[in-house]
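Chains, contacts and geometry: an overview
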Amino acid sequence: MKKAITLTVNGDRRELYVATHHSLLDVIRNELGLMGTHRGCDTGNCGACTIQVDGLAMNACLLLAVDYDGSDILTIEGVAQEGALHPVQRALVEKGGIQCGFCTPGMVMNALALLADDPHPTEADIRARLSGNLCRCTGYAKIVEAVGSVQ
Ligand code: FES
Ligand code: FES
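Remember, it's a predicted structure, so these values are computed and weren't measured experimentally.

The secondary structure content of the protein amounts to five helices and five strands. Mapped from its N terminus to its C terminus, the protein presents α and β elements in the order β-β-α-β-β-β-α-α-α-α. The C-alpha extent of the protein, read off along each of the three principal axes, is 45 × 30 × 25 Å. Here the protein holds 151 residues, and the buried ones make up 46% of them. Within the protein, residue pairs in contact and separated by at least 24 positions form 53% of the contacts whose partners lie at least 6 positions apart. Counting only carbon and sulfur atoms, one obtains 50% of the accessible surface of the protein, whose full area is about 7700 Å². Taking the average location of the 12 positive side-chain charges in the protein and that of its 17 negative ones, the two points are 6 Å from each other.

Interface size, as often reported, equals the accessible area lost upon joining of the parts. Each assigned domain of the protein is listed here: domain 1 (2–77) and domain 2 (87–148). A straight line from the C-alpha centre of domain 1 to that of domain 2 covers 21 Å. Counting from both sides, the interface comprises 16 residues of domain 1 and, opposite them, 13 residues of domain 2. The contact between domain 1 and domain 2 buries some 1100 Å² in all, and 64% of this surface belongs to carbon and sulfur atoms.

For the rest of this paragraph, the subject is the packing of helix H2 (residues 87–94) against helix H3 (residues 104–117). Packing of H2 against H3 brings their axes to within 10 Å, and their N-to-C directions diverge by 130 degrees. Compared by their axis directions, H2 and H3 come out oblique. Two packed elements cross with a definite hand, and for H2 against H3 that hand is right-handed. Residues Val88, Gln89 and Leu92 of H2 form the contact with H3, whose own contacting residues are Thr104, Val108, Ala111, Leu112 and Leu115. Looking at the contact of H2 with H3 residue by residue, the class counts come to six nonpolar, two polar and no charged.

The next point concerns the pattern of salt bridges. Inspection of the entire model under this criterion finds five salt bridges. Close ionic contact of Arg13 with Glu15 constitutes a salt bridge, the shortest N to O distance being 3.4 Å. Given the relative accessible area of 61%, Glu15 is considered exposed. Salt-bridge contacts for Arg129 lead to Asp117; the nearest nitrogen and oxygen are separated by 2.7 Å. Placement of the pair is Arg129 in helix H4 (residues 123–129) and Asp117 in helix H3, with a sequence separation of twelve residues. On the accessibility criterion, Arg129 (28% relative accessible area) is partly exposed. Among the ionic contacts, a cluster of salt bridges with common partners joins Asp26, Arg39 and Asp42.

Looking now at the pairing of strand S4 (residues 56–59). By the bridge criterion, four bridges tie strand S3 (residues 50–53) to S4 in an arrangement that is antiparallel. From the neighbouring strand, Val53 faces S4, where its bridge partner is Leu56. Counting the residues between successive antiparallel strands, the hairpin from S3 to S4 contains two residues, one of them, Asp54, with a positive phi of roughly 50 degrees.

If you check H3, its first and last C-alpha atoms are 20 Å apart, about what 14 residues at 1.5 Å a residue would give, namely 20 Å. For H3, the elements touching its buried residues are S3, S4, strand S5 (72–74), H2, H4 and helix H5 (141–148).

Calculation notes
Residues numbered from 1 in each chain as written. Chains lettered and ligands numbered in written order. Predicted model: local features only at pLDDT ≥ 70, side-chain atom pairs only at ≥ 80, totals over all residues. Heavy atoms only, no water. Helix = DSSP H or I, 4+ residues; strand = E, 2+ residues; numbered from the N terminus. Buried < 20%, exposed > 50% of the residue type's maximum accessible area, 1.4 Å probe, protein only. Contact = heavy atoms within 4.5 Å. Areas by Shrake-Rupley, 256 points an atom, 1.4 Å probe, with all protein chains shown as cover. Lys, Arg positive; Asp, Glu negative; His and termini not counted. Charge placed at Lys NZ, Arg CZ, Asp CG, Glu CD. Domains from an automatic or database assignment. Buried area = accessible area lost by both parts, 1.4 Å probe. Axes fitted to C-alpha atoms, helices over the stretch in contact; angles between N-to-C directions. Parallel < 35°, antiparallel > 145°, perpendicular 65-115°, else oblique. Left-handed = near helix turned anticlockwise from the far one by under 90°. Nonpolar A, V, L, I, M, F, W, Y, C, P; charged D, E, K, R; others polar. Salt bridge = Lys/Arg side-chain N within 4 Å of Asp/Glu carboxyl O. Pairing = 2+ DSSP bridges. Expected span 1.5 Å × (residues − 1).

Here is the structure:
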């Protein structure tokens with residue numbers, strides 16, 4: 001069964017006809033071709049699929065697309081502006097917070113939501129907010145340092 005929905009994705013209005021059992025992650029990757037939102041666990045445990053929905057960081061793998069008709073979606077592809085990395089992205093690069101990069105889009109989306117809520121988070125705040133974003137490579141210290149440097 002399919003249903004028509006409208007999403008605003010990275011500022012563009014998109015009219016879609018989606019299967020009712022498909023997640024926002026399915027739609028973002030498979031219908032819209034935005035492959036920066038990663039599929040890790042597909043069960044809400046790794047944070048690789050984190051996007052912002054109406055300004056809130058959420059795991060796209062857990063959200064049925066049909067429930068988000070009319071929503072404003074931000075994915076990693078919408079973060080850099082006019083070819084310039086966002087300061088969080090730049091800090092992750094400069095401080096060594098990226099190795100394989102698989103977790104990075106989800107980390108960035110969650111970090112941006114944190115900084116929107118609190119422009120001056122403590123290290124504990126950053127660690128708490130990013131606790132649902134798993135990284136197999138970095139050991140987290142450089143990611144936390146990078147996010148903390150953007151204040
Ligand atoms: S793919 Fe969504 S939380 Fe892991
Ligand atoms: S940089 Fe490889 S999983 Fe985080």
